[in-house]
Each structure stands twice: as structure tokens, then as C-alpha cells.
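# Coordinate inspection notes
Single-letter residue listing:
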Amino acid sequence: MGIRLAMKKELMGLEHSDMLTADDVRAHLAQQVKEDTERGFSVISKFNDTHSQLVSGLKTKQSELVFERHRLFNEVLYKRQSVDAWLNNQSSG
């Protein structure tokens, strides 16, 4: 992780919260599906599509992903539990 990203995460106060940045979600997804690279690529690609839609303000079909925008940085942050639920839904689908 770069210094700028580390400082930004510290300023956002994410160290001891259940909120994840998009980069944290990608790392978490990669860790969870590290054995199956094809599935990992598919899951991360679907997350990237969903994240892009959320950042641009479009509605998404992925209702399991609970998110909020940081008040100061206006960055989309995801709840860890919703990311895990979303990942489980991707595996069963």
C-alpha cells in the first residue's frame, strides 16, 4: 500500500471500522478466491463493474453490497458483511 493511500485511510478513520474501500474489497475478494483464478477474475470484474456504477451515481442490481459515501472524501465505502454476502451470492450463482 502506498503512503498516500495509507494516509487517506487513516484520515478517513477506517482502521478499526467494518468499512472497506474499493481497493480493500478487491484485496479481500482476491484473498477469498485465490485458489481459483478464473473465478477470482470473474468476481473482481463484477465488483469493478458495480463499483463503477456506484461511483458514477447509477443504480445497480447488486442489492447485497451495502455502501455509503465518506462525508469528507466522498469515497464509496462498503460494509465488510455485505461484501462477504455478495461474494457468497456470486459463488452460488
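Everything below is about the structure printed above this text.
Residues numbered from 1 in each chain as written. Predicted model: local features only at pLDDT ≥ 70, side-chain atom pairs only at ≥ 80, totals over all residues. Heavy atoms only, no water.

### Examining the overall build of the protein
Our working rule: Helix and strand assignments come from DSSP, with helices taken as H or I runs of at least 4 residues and strands as E runs of at least 2, each series counted from the N terminus. Based on C-alpha atoms, the radius of gyration is set beside the globule rule, defined as 2.2 Å times the residue count to the power 0.38. For this analysis, residues touch if any pair of their heavy atoms sits within 4.5 Å. Values of accessible area rely on a 1.4 Å probe in the Shrake-Rupley scheme; residue burial ignores everything except the protein chains shown. For the purpose of counting charges, residues Lys and Arg are taken to be positive, whereas Asp and Glu are taken to be negative. His and the chain ends are not included. The atom standing in for a charge is NZ when the residue is Lys, CZ when it is Arg, CG when it is Asp and CD when it is Glu.
From N to C terminus, the protein includes four helices and three strands. Mapped from its N terminus to its C terminus, the protein presents α and β elements in the order α-β-α-α-β-β-α. Its C-alpha radius of gyration of 13 Å places the protein within 12% of the 12 Å reference for a compact globule of 93 residues. Each principal axis of the C-alpha atoms in the protein carries an extent, and together these give about 35 × 30 × 20 Å. Taking the intrachain contacts of the protein between residues at least 6 apart in sequence as the baseline, contacts between residues at least 24 apart amount to 52%. Here the protein has roughly 6,300 Å² of accessible surface; of this, 51% comes from carbon and sulfur atoms. Where the 13 positive side-chain charges of the protein centre and where its 13 negative ones centre are 5 Å apart.

### Points about the pairing of strand β3 (residues 76-79)
We count it as follows: For two strands to pair, DSSP has to find at least two bridges joining them.
Pairing of strand β1 (residues 19-20) with β3 involves two bridges; the strand directions are antiparallel. Each bridged residue has a counterpart across the sheet, and for methionine 19 the counterpart in β3 is lysine 79. Relative to β3, strand β2 (residues 67-69) is paired through three bridges, and the arrangement is antiparallel. Pairing of phenylalanine 67 across the sheet is with tyrosine 78, part of β3.

### Here's the deal with the sheet that holds β1
What counts is decided by this rule: Note on method: axes are straight lines fitted to C-alpha atoms, helices fitted across the in-contact stretch only, with angles between N-to-C directions ranging 0 to 180 degrees.
One open sheet holds the three strands; their spatial order is β1-β3-β2, and the pairing between them is antiparallel. Taken across any chain shown, the strands that pair with only one partner, and hence form the sheet edges, are β1 and β2. Along the sheet face, helix α3 (residues 37-56) touches β2 and β3 and points at about 130° away from the line of β3.

### Examining the packing of aromatic side chains
Note the following rule: Note on ring pairs: Phe, Tyr and Trp rings are taken, using the six-membered ring of Trp, and paired if centres are within 6.5 Å. Classes follow the plane angle, with under 30 degrees stacked, over 60 edge-to-face and the rest tilted. Relative accessibility thresholds used throughout: buried, under 20% of the residue-type maximum; exposed, over 50%; partly exposed, between the two (1.4 Å probe, protein chains only).
Following the criterion strictly, the structure yields two aromatic pairs and no others. Taking the centre distance of 6.3 Å and the plane angle of 70° together, the rings of phenylalanine 47 and tryptophan 86 count as edge-to-face. One end of the pair, phenylalanine 47, is in helix α3; the other, tryptophan 86, is in helix α4 (residues 80-92), with 39 residues separating them in the sequence. Neither phenylalanine 47 nor tryptophan 86 differs from the other in exposure class; each is buried.

### Some words on the pattern of salt bridges
Where charged atoms of side chains with opposite charge meet at close range, the side chains can pair. Spelled out, the test is: Between Lys or Arg on one side and Asp or Glu on the other, a salt bridge is scored when a side-chain nitrogen of the former is within 4 Å of a carboxyl oxygen of the latter.
All told, the structure shown has one salt bridge when counted by the stated rule. One salt bridge in this structure joins aspartate 23 and arginine 26, with 2.9 Å as the shortest N-O distance. Placement of both aspartate 23 and arginine 26 in helix α2 (residues 22-32) is noted, with a separation of three residues, approximately one turn of the helix.

Fair warning: the whole summary comes from geometry, so function is off the table for now.
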